[in-house]
Amino acid sequence: MITIVLSSIINSFGQSKTVKILLDSNKIYLRFFYKHYKSDYTLNDSVAYLCRKINRDSFYLDKFVYKKKEWTKIYKIEPAKDSLRITTRAVDIKGNKKLIYSKEKYYNSIEIFETKN
């Protein structure tokens, strides 16, 4: 019984997909959660991206420049063959700073359709 409760709590938090998107010769890594409908990514003060999930394998991506929508694209995702290297900064009990290196699965995005506003 306890394992069922713990697994349901763990599954309700933290389940996300990291998706690599190629935009204007730049690549961004967008993280969206299974149980959430929207995720966002801020490139700089003027450019932001909003990801709206369609289903588990596709999503809309909206680009906003100065809070005005530029375009909307539809992407589908597929698992990447390699892993993404993650570096995390941490502090141990004694207060010493250290770097933690890990690998994470991610997904490649494939553009299906674009609409202009």
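Residues numbered from 1 in each chain as written. Predicted model: local features only at pLDDT ≥ 70, side-chain atom pairs only at ≥ 80, totals over all residues. Heavy atoms only, no water.

Asker: Run through the overall build of the protein, naming residues and quoting values.
Answerer: Helices and strands together make up the secondary structure of the protein, namely one helix and seven strands. The secondary structure elements of the protein, listed N-terminal to C-terminal, are α-β-β-β-β-β-β-β. Taken across its 117 residues, the protein has 28% of its residues classed as buried. Once local pairs closer than 6 in sequence are excluded, the contacts in the protein between residues at least 24 apart make up 35%. Roughly 8900 Å² of accessible area belongs to the protein as shown, and the carbon and sulfur atoms make up 54% of that amount. (Helix = DSSP H or I, 4+ residues; strand = E, 2+ residues; numbered from the N terminus. Buried < 20%, exposed > 50% of the residue type's maximum accessible area, 1.4 Å probe, protein only. Contact = heavy atoms within 4.5 Å. Areas by Shrake-Rupley, 256 points an atom, 1.4 Å probe, with all protein chains shown as cover.)

Asker: Talk me through the environment of Asp62; I want residue IDs and the actual numbers.
Answerer: Topologically, Asp62 is positioned in strand E5 (residues 58-65). Given a relative accessible area of 2%, Asp62 falls into the buried group. Residues Asp62 and Ile74, twelve residues apart in the sequence, show an inter-C-alpha distance of 8.9 Å. Those residues in contact with Asp62 that sit more than four places away from it in its chain are Ala48, Tyr49, Leu50, Arg52, Lys69, Trp71 and Thr72. Side chain to side chain, Asp62 and Arg52 meet in a polar contact 2.7 Å long. (Polar contact = N/O pair within 3.5 Å; in protein donor to acceptor, adjacent residues only side chain to side chain.)

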